[in-house]
Amino acid sequence: MKKINRKKGITLIELLLYISMSMLFLYVITNVTGFFIEGRIKNQTIAEVEQQGLVVVQFLSQSIRNAEGINSPIQGNSDDALSLDVFTPADDPTVYDLSSGVMQVSEGSSSTVDLINGRVTISDLSFDNLSKDNTPGVVRYQFIITHNNSEGRFEYNYSKTFYGSTSLR
Amino acid sequence: MKKELSNIKIKGFSVVEMLLSVAILSLLVTSLVGVFIFGEESTVLSGDRARASVWAEEGLEAVRNIRDNDFTNLVDGTYGIATSSNEWIFSGSSDSIGKFTREVIVASVDDDRKQITSNVTWQQTTSRAGSVSLVTYLTEWQAVVVSDLVVDVANASLGGGNKKLEGITIENQGIDDLIIDKITVSWNNGEGIEEIKIDGTSVWKNNGAGTPDGTQSSGVQLDIEDFTLAVIDGVLDITNFNFSGSMDGEVFTILFEMTNGTTAEVTVDLSGGGGPTCGTESDTLTIATNGASVGGGGSKELQGVTVQNTDTSCDITIDKITVIWGNGNDIEEIKVENSRIWKHNNEGSPIGKQPTGTEIDVVDYIITAGNIDTFNKFKFDGNMSGDTFNITFEMLDGSTKSTGNFTP
């Protein structure tokens, strides 16, 4: 009898212990997994913003370097769009502008092409023609690129400002 | 006792096991989380670095535009860049945006080349600084407008009742043909130009070839009938420039403009019948030794000998110098107006330290008309205190002048 009673008592405590331990374990596992998933998304978000920003900068600098002249903004002025006089007649003029947060380029009479994907938005785009007299010209551009985040979630909250300048050659 | 002990033993063991497993699990989780956080931080840092590079490049591009405006804008130094009146300018010693700080360093490679370095630094974590450094080289490409057209005016003279400027020759010393597009002639009197003939061909005439029509006054750009000057043509005569009256005693400036954008300008000075007549060079050279002294480290230098060109229109060129002194030291170096004209292992000849009385062929030194130039030093390889010197200068025309013996 004594022996049986003792065994039952131990089993119950053991059971409670096991349950509480597995719950604790599950809780920790769930949290860690959640943290990893959230972190992975945040990582993707940061990479997306940085990469898309660089893509825009590279498009702009390549076009400006190879351009013949700057149509607008004119010397000493700023604008939210850039129009370049380029050598290839079919691509003349090449215009960069913003349409509801999407950076676009149009070459000659071709229809506009989006430069960025739908996961990011560009704002506060500005081009400054800072050319000195009697020079081929130089354009400074700056813009803010933000990851789309309609639900206001932490992991999608990332935004950066890009500054750059390119001289015509 | 035995049973109790064994019971306690079993219970105690399972608690230790549990603690151990929790500890191992937490260690594992902590390290995994650490790795993950580190990875995320890396993504952020690489983003910072990419944007810093773009911003550093802006520094180079801005300097490029400043160069495009004028190469002389690039003065060696460390600068920040800024905009003023909507133009890029150098400003201060650095500039900042957000956490990034930028400095642009301009350094000379040679007269026509500059090395531009754009450094961007930032604090990437509390303990580590990030930096990006971009380098480019900028050249004064616009400076190379030296024309292949060589104009020789040494034999220029007036003929045909002093109405014709003759004896000027042109030569194409380049590789490609040159096309002379425009000629502008300037002079002082009130006469007009009527015709230009090159190699017997009339390329501009008041009632013929080229534009504008009519006799033209000084300084008018004459669009001549394009004259092609091939390399194989060698030296060609500009037969003459015909004027409406006597051009005796005039000073002409002639500007040739080629179709490739290069220009060549020459001055023909016929005032005083073909340029100023210069006398014997030594006649207008005055040497002063009263300000001379022996000094420098170890009293090895004779300093402060001055030479004056008393002529107001002719230069004097010093070709050779002979120095005589008393002791057995050798001469090492001669320096005038901070330019070295002879050194035993460098400029001029002969090579090697020279004893007293040696004729030294220095790098030709021109004393401009009216100037007083000072010899910084005649340097010897030993103490020259109390010695007596005698310096003889030989000019390019062969004339000589000596100081006579003097003891500084």
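These figures come from a predicted structure and were not determined experimentally.

> Describe the overall build of chain B, with residues and values.
Helices and strands together make up the secondary structure of chain B, namely one helix and 29 strands. Buried residues in chain B amount to 38% of all 408 residues. Residue pairs at least 24 apart in sequence account for 61% of intrachain contacts in chain B once pairs closer than 6 positions are excluded. If you sum the accessible surface of chain B, you get close to 20200 Å²; carbon and sulfur atoms cover 50% of it.

> Residue-level account of the overall build of chain A, with values.
Looking only at helices and strands, one finds one helix and nine strands in chain A. Within chain A, contacts between residues separated by at least 24 positions form 48% of all contacts whose residues are at least 6 apart in sequence.

> If you had to explain the interface of chain A and chain B to someone new, which residues and values would you point to?
Listed as interface residues are 40 residues of chain A and, on the opposing side, 32 residues of chain B. Carbon and sulfur atoms make up 62% of the surface buried where chain A meets chain B, a total of about 3300 Å² over both sides. Its largest share of buried area at the contact with chain B, chain A owes to L130(A), K132(A) and Y163(A), together 20% of the area lost on that side. Two residues, E61(B) and R169(A), come together in a salt bridge whose shortest N-O distance is 3.1 Å. In this structure, the connection of chain A to chain B is made through 13 residue pairs in polar contact (both at pLDDT 80 or more). Put simply, the parts of the chain that give the side of chain A that touches chain B at least two residues each are α1 (2-66), β8 (138-147) and β9 (159-167) of chain A.

> Explain the sheet that holds strand β28 (residues 390-395) of chain B to me, and be specific about the residues and the numbers.
Residue and element names in this part refer to chain B. Strand order in the open sheet formed by four strands is β26-β23-β28-β29, and the pairing between neighbours is antiparallel. Every other strand in the sheet has two partners, leaving β26 (359-367) and β29 (400-402) as the edge strands with one partner each. In this sheet, neighbouring strand axes are inclined to one another by 25° on average, regardless of whether the strands run parallel or antiparallel. With six bridges joining them, strand β23 (residues 316-324) and β26 adopt antiparallel strand pairing. The partner of K320 across the bridge, within β26, is D361.

> Before we move on, can you summarise the environment of S159(A) with the specific residues and values?
All names here are of chain A. Within the secondary structure, S159 sits in strand β9. Sequence separation between S159 and T45 is 114 residues, and the spatial gap between their C-alpha atoms is 9.4 Å. Apart from the residues lying within four places of it in its own chain, the contact partners of S159 are I144, I145 and T146. A polar atom in the side chain of S159 sits 3.1 Å from the side chain of T146.

> How would you explain the packing of aromatic side chains if you had to name every residue and give the values?
Here a ring pair, both rings aromatic, is described through the centre-centre distance and the interplanar angle of the planes. Overall, the coordinates contain 14 aromatic pairs over all chains when judged by the stated rule. Seen from their ring centres, W55(B) and F100(B) are 6.3 Å apart, and the 40° between their planes marks the pair as tilted. Of this pair, W55(B) sits in helix α1 (residues 2-69) while F100(B) sits in strand β4 (residues 100-110); the two residues are 45 residues apart in sequence, bridging distant segments of the chain. Like F100(B), W55(B) is buried. Across from the ring centre of F162(A), 5.8 Å away, lies the NZ or CZ of R51(B), which sits over that ring.

> Requested: an account of empty space enclosed by the protein, with residues and values cited.
A full pass over the atoms with the stated rule returns one cavity of 30 Å³ or more. In this structure, the largest cavity spans a volume of roughly 40 Å³. What lines the largest cavity is simply T161(A), F162(A), Y163(A), R51(B), W55(B) and F100(B). No other element matches β9(A), which puts three residues into the lining of the largest cavity. Looking at the lining of the largest cavity, its residues break down into four nonpolar, one polar and one charged.

> For the nonpolar core, give the residues involved together with the corresponding values.
By size, the foremost hydrophobic cluster in this structure holds 33 residues, and its most contacted members are F241(B), I254(B) and F256(B). Judged by nonpolar contacts, the second largest core, of 30 residues, contains L115(A), L125(A), F127(A) and Y158(A).

> Which residues make up a nonpolar patch on the surface, and what values go with them?
Nonpolar side chains collect at one region of the surface, where L12(A), L15(A), L16(A), I19(A) and M23(A) lie side by side and expose about 520 Å² of accessible area between them. Here L12(A) lies in helix α1.

> An account of the layout of surface pockets is needed here, citing residue identities and associated values.
Residues and elements named next belong to chain A. When its volume is computed, the second largest pocket comes out at roughly 310 Å³. Contributing to the lining of the second largest pocket are 16 residues, with S63, D91, T94, Y96 and E107 lying nearest its centre. For the lining of the second largest pocket, the secondary-structure elements that each account for two or more residues are α1, β4 (94-99) and β5 (102-107). Counted by class, the lining of the second largest pocket contains six nonpolar, eight polar and two charged residues.

> Let's hear about the pairing of strand β1 (residues 77-84) of chain B: which residues, and what values?
Residue and element names in this part refer to chain B. When β1 meets β4, the two strands line up antiparallel, connected through three bridges. Bridging from a neighbouring strand, G77 pairs with V106 of β4. Sheet topology note: the β1/strand β2 (residues 87-91) ladder contains five bridges and is antiparallel. If you follow S84 over to β2, its bridge partner there is E87. Hairpin connection from β1 to β2: two residues lie between these consecutive antiparallel strands, with S85 at a positive phi of about 50°.

> How would you sum up the environment of T317(B)? Please name residues and give values.
Residues and elements named next belong to chain B. Relative to the helices and strands, T317 resides in strand β23. A relative accessible area of 10% places T317 in the buried class. In the structure, T317 is positioned 47 residues away from D364 in sequence and 6.3 Å away in space, judged by C-alpha atoms. When near neighbours in sequence (up to four residues on either side) are disregarded, T317 contacts E281, D364, Y365, I366, E394, M395 and L396.

> Tell me about the sheet that holds strand β3 (residues 82-86) of chain A, residues and numbers included.
Residues and elements named next belong to chain A. Spatial ordering of the open sheet is given by β1-β3-β4-β5-β6, a layout of five strands whose pairing is antiparallel. Strands at the two margins of the open sheet, each flanked by one partner only, are β1 (67-72) and β6 (113-114). Pairing of β1 with β3, which is carried by four bridges, proceeds in the antiparallel orientation. Paired with G69 across the bridge in β3 is D85.

> So, unusual backbone geometry: which residues are in play, and what are the values?
Trans peptide bonds make up most of the peptide bonds, and negative phi angles are found at most residues other than glycine. In this structure, the amide linkage connecting D92(A) to the following residue, P93(A), adopts the cis form with an omega of 0°. One can find P93(A) in the loop between β3 and β4. In this chain, T211(B) is followed by P212(B) through a cis amide linkage whose omega measures -5°. Among the structural elements, P212(B) can be located in the loop between β13 (201-205) and β14 (221-229). A positive phi is found at S100(A), a non-glycine position, where the angle reads about 40°. Positionally, S100(A) belongs in the loop between β4 and β5. The residue N134(A) is not glycine, and still its phi comes out positive at about 55°.

Reading the values: rules and limits
The residue numbers shown here count from 1 along each chain, following its written sequence. Written order determines the labels here, with chains lettered from A and ligands numbered from 1. pLDDT decides what is reported in this predicted model: residues at 70 or higher carry local features, side-chain atom pairs at 80 or more are listed and counted, and totals for whole chains, interfaces and linings draw on all residues regardless. To obtain the side-chain values, all non-hydrogen atoms of the structure were included, while hydrogens and water were left out. Numbering goes from the N terminus for both helices and strands, where a helix is a DSSP run of H or I of at least four residues and a strand is a run of E of at least two. Only protein chains enter the accessibility calculation, which uses a 1.4 Å probe; a residue is then buried when its area is under 20% of its type maximum, exposed when over 50%, and partly exposed in between. Pairs of residues are marked as contacts when any of their non-hydrogen atoms sit within 4.5 Å. A 1.4 Å probe and the Shrake-Rupley method give the accessible areas. Residues count as covered only by the protein chains that appear here. Here the quantity called buried area is the total loss of accessible area, with a 1.4 Å probe, experienced by two parts when brought into contact, counted for both. For this document, the term salt bridge refers to a Lys or Arg side-chain nitrogen within 4 Å of an Asp or Glu carboxyl oxygen. As used in this structure description, the phrase polar contact means that two N or O atoms lie within 3.5 Å; if the pair is within protein, one of them must be able to donate a hydrogen and the other to accept it, and residues adjacent in sequence are counted only when both atoms belong to side chains. Strand pairing follows a simple DSSP-based rule, namely that at least 2 bridges must link the two strands. Axis lines are fitted to C-alpha atoms, over the contacting stretch for helices. Their N-to-C directions set the angle, which ranges from 0 to 180 degrees. In summary, the pairing rule links any two rings of Phe, Tyr or Trp, Trp by its six-membered ring, whose centres are within 6.5 Å, and it sorts them by plane angle into stacked for under 30 degrees, edge-to-face for over 60 and tilted for everything else. To sit over a ring, a charge needs its Lys NZ or Arg CZ within 6 Å of the ring centre and within 35 degrees of the ring normal. Buriedness of a pocket was judged along seven lines, with at least five required to meet protein on both sides within 12 Å; pockets are open sets of points on a 1 Å grid over the protein atoms alone, cavities are sets where a 1.4 Å probe fits but cannot get out, and lining residues have an atom within 4 Å of a point. Grid points are joined across faces, edges and corners, and a volume is the space filled by probe spheres set on the points. Charged residues are taken to be Asp, Glu, Lys and Arg, nonpolar residues to be Ala, Val, Leu, Ile, Met, Phe, Trp, Tyr, Cys and Pro, and polar residues to be all remaining types, Gly included. Definition used in this section: a nonpolar core is a set of buried Ala, Val, Leu, Ile, Met, Phe, Trp, Tyr and Cys residues joined via side-chain atoms within 4.5 Å. What makes a patch is a set of residues exposed beyond 30% relative accessible area and free of salt bridges, joined within 9 Å when like-charged and within 5 Å when nonpolar (Val, Leu, Ile, Met, Phe, Trp, Tyr).

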